Amino acid sequence: MNKKIKLVPTAVSIGLVMAITACDDKSPTADTEKNVTSADGIGVNIGGNAAVGTGAAYNTSDIDTKAELSNSAVATDNVKVAADNNNQILNIGIGASVVANTSANRNISGDIEFNLADNTIDNDVTARVEGSTIFANENVVVDANGHEKLTNFIGGLGINFSGTQQFAQVAAGAGVGLNTITSDVAAEVIGSDVIALGNGSAYEVKEYNENTAADKEGEIDAGTIKNLNGLIVNAKGDHDLWNLVLNTGIIVSGSGSTIRPNLNVAVAKNNIAGSTNAIVEDTNVNAFYNSAYTGTDTPKDVYVNAYDDTDITNNDICIAGSPDLGETKVGITAGAAGSTNDVTRNVSAAVTSKAKTSVNAENLKVKALSHSDIYTADAGVAVDITPSGTAQLTNS
């Protein structure tokens, strides 16, 4: 009686901050499951004459997830080498400062509010067959999947209230969001001899394509399930970034001031980099199969596919308000918001060799597809309400 053997090195890690999860053919399974939620840097300060409120958060996820079959000779029905990483960072940061001045003889009152969030995901996901000889009656699957989701919210509030006459009322605030995802996803077969005849059950892969509908030009379809038999080398990277920076500064002057500056800003920098690669390199595929021995005329599929999807949703909102019930001489109110979004992913699928190698199959497909959506809304609003006869400058 022949006994079927399945060799399945698999690595899975989900959301582990500053940790390394590695898997090779000697330790084929690793499971880690954590979501990173940060509410660090919540600062609130209330003062009678001056107040400073700050919030700061620094979150870094650095995970290496690796499944590898190397320097091995394998004869079996199915070989599967799979690495899967699913990581999420949720950050909430708040900074606030409040000045409430109701006493006389206050020459200067001021509040400063600053809030910073710096979030980084730098994960490597690798599924690799290297330096091995494999004979599989059914399928050889090398599958790498990486998914990162970064959600960042930072909010700042500065309030300066005075019921008495002052020389100067000052409010200044800034909210800054720095978000970076630099992850590499790779499915590789390197320097090996592989026979994958494709008999038996099919292996399912979801393949994505550009939508051809006229009203959906440039979009990606929902994906089609493909049933494949043979050698499947598949790499997928999925990256979601949602960012909101909200900063508000308010000066309320009950009796007026000589000078009343109110300056606020909300900015964000979002960067998506790294690579997604599906590679067959220096490898003979079905080059030495024997149809008389296997009973198969031609091995079926050789499928090499790389797909990468990036979605950025960014909102930066700044509100500066200066209602004045007195006689302020000079009022300056400014609110500004802005962002930069950079996507520099490298996506490739290839069958390549330094020397001549053979690939034998009924169907050979090598495909690379990348897609990115960026939605951004930046708004700076400044409102200065000053009685007639005074000088004012409003900018947004």
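For the structure, see preceding data.
The text that follows walks through the structure, step by step, so that each part is easy to find.

So, how was this worked out
- Numbering of residues begins from 1 in every chain and follows the order in which that chain's sequence is written.
- With pLDDT at 70 or above as the cut-off, local features in this predicted model cover only qualifying residues; side-chain atom pairs require 80 or more to be listed or tallied, and sums for whole chains, interfaces and linings still use all residues.
- Heavy atoms throughout the structure, all of them, feed into the side-chain values; hydrogens and water do not.
- Residues enter patches when they are more than 30% accessible in relative terms and free of salt bridges; like-charged ones are connected within 9 Å and nonpolar ones (Val, Leu, Ile, Met, Phe, Trp, Tyr) within 5 Å.
- Areas reported here follow the Shrake-Rupley algorithm with a probe of radius 1.4 Å; residue values treat only the protein chains shown as occluding.
- In the sections that follow, a salt bridge refers to a side-chain nitrogen of Lys or Arg positioned within 4 Å of a carboxyl oxygen of Asp or Glu.
- Residue exposure (1.4 Å probe, protein chains only): buried if accessible area is under 20% of the type maximum, exposed if over 50%, otherwise partly exposed.
- DSSP calls a pair of strands paired once it identifies at least 2 bridges connecting them.
- Elements are defined by DSSP. Helices are runs of H or I of four residues or more, strands are runs of E of two residues or more, and each kind is numbered from the N terminus.
- Throughout, a residue-residue contact means that at least one pair of heavy atoms, one from each residue, lies within 4.5 Å.

It is worth spelling out a nonpolar patch on the surface at this point. A contiguous nonpolar surface patch, about 320 Å² in accessible area, is contributed by Ile108, Phe167, Val170 and Ile259. Taking the relative accessible area as the measure of exposure, Ile259 reaches 34% and is therefore partly exposed.

Taken in spatial order, the four strands of this open sheet run 8-12-15-20, and their pairing is parallel. Either end of the sheet is taken by a strand with one partner, and the two such strands are strand 8 (73-76) and strand 20 (284-285). Pairing analysis gives two bridges linking strand 15 (residues 193-196) to strand 20, with the strands arranged parallel. Paired with Asp193 across the bridge in strand 20 is Asn284.

This part takes up unusual backbone geometry. Positive phi is not limited to glycine here, since Asn71 has a value of about 50 degrees. Checked against the element boundaries, Asn71 lands in the loop between strand 7 (64-70) and strand 8. Overall, the relative accessible area of 68% leaves Asn71 in the exposed class. Of note, the phi angle at Asn286 is positive, near 60 degrees, even though the residue is not glycine. If you trace the backbone, Asn286 turns up in the loop between strand 20 and helix 1 (291-294).

Our next topic: the environment of Tyr375. Within the element layout of this structure, Tyr375 appears in strand 23 (residues 363-385). By relative accessible area, Tyr375 is classed as exposed at 51%. Through-space distance from the C-alpha of Tyr375 to that of Asn341 is 9.5 Å; in sequence the pair is 34 residues apart. Discounting residues that sit within four places of it in the chain, Tyr375 has contacts with Ile312, Thr313 and Asn314.

All we've got here are geometric facts, nothing functional implied.
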